[in-house]
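# Analysis of the macromolecular model
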Amino acid sequence: MIDHDQALTLAAMSLDFSLDRSANVQLDEHLRECGECRAALAELRRDAARLAALPPIAPPTWVRGSLGKRRPSNPYMLLAAAAFLVTAAGLAIVVGTRLLDDRTAIVTPSALPTATLEASAAPTQSVVLEPPASFIPVSDLTWDPLTATGGGSGSVQGALSFKGSYITYGADQEGLTWASRSTDGRTWETVTLGLMVSPCPGYVVRPDSSIYAAATDGNQVILTGIESAMDVNPCDTSRAVAWISSDGLTWQRSEGFGAVNGFAEAIFVWAIPDGWETLVTGAGATPTRVWRSTDGLRWTWVSELDPGVSSMISTPVNAAADGTRLMALYNGEVGETIEGLRGGESILRISSDGKGWAPLDVALPFGRRVGASGILPPGRFGRDAWLLVTGADEQQPITWVSADLKSWEQGTFPRDDVASIALTRYGYIATGETLCGAGGTCSTDPVQYLSTDGLRWTEFAAPVGTVMVDGPAGVLAFAGPDFRVWILRPTTS
Amino acid sequence: MDLNIDSEAAVTDPVRLVPGGIGLAGAQTGDAYARHAGEINGFLIRAVRDIEVAADLLADAFTKLLVEERGGRWPDQPRAWLYRVASNLVMSRGRHLQVSNRVDRVLHARERGRVSDSPDVEVLRRERRGDLDQALAKLGLDARTALLLAAQGFDGATIAVTIGRTEVATRTLMCRSRLRLRELLREEDR
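Residues numbered from 1 in each chain as written. Chains lettered and ligands numbered in written order. Predicted model: local features only at pLDDT ≥ 70, side-chain atom pairs only at ≥ 80, totals over all residues.

Looking only at helices and strands, one finds 6 helices and 30 strands in chain A. Taken over 493 residues, chain A has a buried fraction of 55%. For chain A, long-range pairs separated by at least 24 residues make up 57% of all intrachain contacts whose partners lie at least 6 apart in sequence. (Helix = DSSP H or I, 4+ residues; strand = E, 2+ residues; numbered from the N terminus. Buried ≥ 20, exposed ≤ 12 C-beta atoms within 10 Å, placed from the backbone. Contact = placed C-beta atoms within 7 Å.)

What follows is the structure, given as structure tokens:
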């Protein structure tokens, strides 16, 4: 016999999803005996009916006139796509400095699931290449096709490089997550990650997770996201999860963690000198927490953002190899002040240990926020400065550069949006786009820009994809659902 | 240290009032606009809670539909297709950068008569004072979007695909959101 809470959960669930037979029977039995739960179900139905009765609202007249005169673009979406890209560029920064890290080998807990490439795959030898100590000067850059396809199917969400190989990750059309590895950008070996959780009794096997972020410390690569929790009661809630690998082919899945009231997702992850940290958000007003792990498998939370800081606030985080963490908070809630941060305000916070987050003495203009991929730490290719990319509605992006996080220089990005940005051996490469608005006559074609200082940007090519990564064979880009791989060819000066 | 820049110089103010727009090749899109723009605009406003942002997203969604029409790829179910695109636009901006605060500019725009040119805005104002809207505002963007999609008649599996989550995660999200909404409405009643 189920209790009240379980009955309420099933009742709420039944409004949108078919319950399996057993759950239906249990709910019916409970409702027969429980007038309070019958009343609660009726209230839930009334709420649903009220929502359904909300009237249409005529749009402003300009909208219809604008159709076909504007390029369908959304700066937020473009920057969102770039999140994974900078995960590749920004978090891979530690690669060069930590290639010789002598961390203890991972001990594999037998209870934790592992995904391995089929044995038939040819073994690949990792060649660890030292990244250039400084940017390679070039007079021009062009993209050449490298291979027609590679890795998993569906879309490439992000990429990074470690130990002489490229790692890409994504999800196929069914939502099945995967990770793929290549040493040369041409030959890819793919491992499915999204079927590592045993389904609840009576459930069919289906994709069980989503990947949101990735990082590397040079020795290992870690992915974080959300998974279905099938081993708890009630079955089928959601929680944060990580996958970790030392070679990109064999992946261990962490224990699920972070769930408050049955929901959590790990949306950013970064390497620290003695392990990993990830930012976990929950549903509604659940506090956002920083979780830490030494092995990527078992996690404990080390700090909690202000009680009011929940998933309603955007909180991109990144870290430098020395353990300095930088977090950008932006309150996007219309008209609401949360923990002293008015809607539309941004602040930066710094931490040396992941526990205490002190405000940084930088005031970003009202309405301007750091994008999900907008924090690029120093440390690779001789870069000793942090780069921040901020956007604002109907204003051009601003890039901010600082070596000490005290004194900042700023540059205006030449287009309306930064769709993606990566730190490469040639400098920062950013994909820019112009939003013409209705009736605009400007060119809306995305263009890529190169900058060696993060402040001045030189146009060089039409982009071929928004996910880019610098690795052993060069700078690669991945174009769309067919996963076509392109390589950046320099013309040296 | 203050890094305020000269924002005036950087502002781009796209011209929006353009006659025409949907050309001969956009007849189906025009029909779809007439049928669905109001309901999808209502969905977008309630999801992102900003009239201007919603209008921008609505324009993006219908422009994408126009592109599909011109490319000979008219969707089998344009209403569902539009909701999916609109939801993706909402969720994409919500997940990584959250809804921007444009209240001040909306108010300024209203003063200039650019936004509040629809009698429906008064409906919206009344709605904003209601308990249901207040409760919706307290839900997360993803939860709000999922419930609003359900209110438009989409089933859970379709909503999962639409908002880009697994069915499992969507089930949990929606279940908790409905219970949370009830709790908030009950608090409003007290």
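Turning to the overall build of chain B, a few remarks are in order. Helices and strands together make up the secondary structure of chain B, namely 10 helices and 0 strands. Within chain B, the proportion of its 190 residues that are buried is 49%. The long-range share in chain B, meaning contacts at least 24 apart out of those at least 6 apart in sequence, stands at 68%.

Moving on, we come to the nonpolar core. Formed by 163 residues in total, the largest nonpolar core has its most connected members in Ala266 of chain A together with Leu44, Leu57, Leu58, Ala61 and Ala86 of chain B. If one sorts the elements of this core by residue count, helix H3 (residues 51-70) of chain B sits on top with 11 residues. The residues touching Ala86 of chain B, leaving out its near neighbours within four places in the chain, are Ile40, Phe43, Leu44, Leu57 and Ala61 of chain B. (Core = buried A, V, L, I, M, F, W, Y, C linked by C-beta atoms within 7 Å.)

Residues and elements named next belong to chain A. The strand order across the open sheet formed by 4 strands is E24-E25-E26-E27, and the pairing between neighbours is antiparallel. Strand pairing shows two members of the sheet lacking a second neighbour, strand E24 (417-424) and strand E27 (458-461), which therefore form its edges. Direction aside, the axes of adjacent strands within the sheet are offset by 30 degrees on average. The pairing of strand E25 (residues 427-433) with strand E26 (residues 447-451) spans 5 bridges and is antiparallel. Of the residues in E26, the one forming a bridge with Ile429 is Leu450. (Pairing = 2+ DSSP bridges. Axes fitted to C-alpha atoms, helices over the stretch in contact; angles between N-to-C directions.)

On to helix H2 (residues 27-48) of chain B. The largest bend along H2 of chain B reaches roughly 55 degrees and is located at His36 of chain B. Looking one or two residues past H2 of chain B, Arg49 of chain B carries a phi angle of roughly 60 degrees, positive in sign. (Bend = angle between axes of the 7 residues up to and from the residue.)

To continue, consider the environment of Leu19 of chain A. Take Leu19 of chain A: it is sitting in the loop between helix H1 (4-14) and helix H2 (21-33). Beyond its immediate sequence surroundings of up to four residues, Leu19 of chain A is in contact with Leu10, Met13, Ser14, Asn24 and Leu27 of chain A.

Moving on, we come to the packing of H2 of chain B against helix H8 (residues 141-151) of chain B. Residue and element names in this part refer to chain B. Direction vectors running N to C along H2 and H8 enclose 155 degrees, while the axes themselves pass 9 Å from each other. As judged from the angle between their axes, H2 and H8 are roughly antiparallel. Where H2 crosses over H8, the two elements pack in a sense that is right-handed. Contacts between H2 and H8 involve Phe43, Arg46 and Ala47 on the former and, on the latter, Leu141, Arg144, Thr145 and Leu148. Grouping the constituent residues of the contact of H2 with H8 by class yields 4 nonpolar, 1 polar and 2 charged. (Parallel < 35°, antiparallel > 145°, perpendicular 65-115°, else oblique. Left-handed = near helix turned anticlockwise from the far one by under 90°. Nonpolar A, V, L, I, M, F, W, Y, C, P; charged D, E, K, R; others polar.)

Further remarks concern the packing of H1 of chain A against helix H3 (residues 35-52) of chain A. The relative placement of two packed helices comes down to the angle between their axes together with the axis-to-axis distance. All names here are of chain A. Between H1 and H3, the shortest axis-to-axis distance is 10 Å and the interhelical angle comes to 30 degrees. When the interaxial angle is binned, H1 and H3 end up roughly parallel. As H1 runs across H3, the sense of the crossing is right-handed. Residues His4, Ala7, Leu8, Ala11 and Ala12 of H1 lie in contact with H3, whose contacting residues are Cys37, Ala40, Leu41 and Leu44. In terms of residue class, the contact of H1 with H3 is built from 8 nonpolar, 1 polar and no charged.

The next subject is the confidence of the model for chain B. When pLDDT drops low, the exact placement of atoms in the prediction is not to be read closely. All names here are of chain B. Overall, the predicted model of chain B reaches an average pLDDT of 69, with 66% of residues at or above 70. Between the elements of chain B, mean pLDDT differs from a low of 28, seen in helix H1 (residues 7-10), to a high of 89, seen in H8. Note that pLDDT drops below 50 for residues 1-25; the model gives that stretch 60 contacts with residues more than four away or on any other chain. Contacts for the low-pLDDT stretch residues 94-119, under 50 throughout, to residues beyond four places or in other chains number 64 contacts. Scoring the predicted complex yields pTM 0.59 and, for the interface, ipTM 0.77. (pLDDT = per-residue confidence, 0-100.)

Our next topic: the environment of Ser246 of chain A. Note on placement: Ser246 of chain A falls in the loop between strand E9 (237-245) and strand E10 (250-253). Linking Ser246 of chain A and Val221 of chain A, residues 25 residues apart in sequence, is a C-alpha distance of 6.5 Å.

This paragraph deals with the pairing of strand E23 (residues 409-412) of chain A. All names here are of chain A. Looking at chain direction, strand E22 (residues 395-402) and E23 are connected through 4 bridges and run antiparallel. Bridge pairing in E23 links Ile398 to Thr412. What sits between the antiparallel neighbours E22 and E23 is a turn of 6 residues, in which Leu405 has the positive phi angle 60 degrees.

Residues and elements named next belong to chain A. Read from one edge of the open sheet, 4 strands run E3-E4-E5-E6, paired in antiparallel fashion. Strands with a single pairing partner mark the edges of an open sheet, and in this sheet they are strand E3 (155-162) and strand E6 (189-192). Across the sheet, the mean angle separating the axes of adjacent strands is 20 degrees when strand polarity is ignored. Both E3 and strand E4 (residues 165-171) contribute to a ladder of 7 bridges, which runs antiparallel. Each residue of the ladder has a partner; that of Gly158, found in E4, is Tyr169.

Burial runs high along E25 of chain A: 7 of the 7 residues are buried. From the end of E24 of chain A to the start of E25 of chain A, which pair antiparallel, there are 2 residues.

Okay, unusual backbone geometry next. All names here are of chain A. For Lys163, which is not glycine, the phi torsion reads 45 degrees and is therefore positive. Structurally, Lys163 is set in the loop between E3 and E4. Exposure remark for Lys163: the 22 C-beta atoms within 10 Å place this residue in the buried category.

On to the confidence of the model for chain A, then. All names here are of chain A. Counting all residues, the mean pLDDT for chain A is 78, and 75% of those residues have values of 70 or more. Mean pLDDT across the secondary structure elements of chain A bottoms out at helix H6 (residues 94-98), with 30, and peaks at strand E13 (residues 289-293), with 96. Low pLDDT (under 50) marks residues 70-111, which in the prediction has 137 contacts with non-local residues, meaning those over four places away or in another chain. Ignoring residues within four places in sequence, the model shows residues 117-129, a span with pLDDT below 50, making 18 contacts including any to other chains.

Here we take up the environment of Phe478 of chain A. Residues and elements named next belong to chain A. Here Phe478 shows up in strand E29 (residues 474-479). Considering only alpha carbons, one finds Phe478 and Gly158, 320 residues apart in sequence, at a separation of 9.0 Å. The contact partners of Phe478, leaving out residues within four places of it in the chain, are Val156, Ala159, Thr168, Gly465, Val467, Phe483 and Val485.

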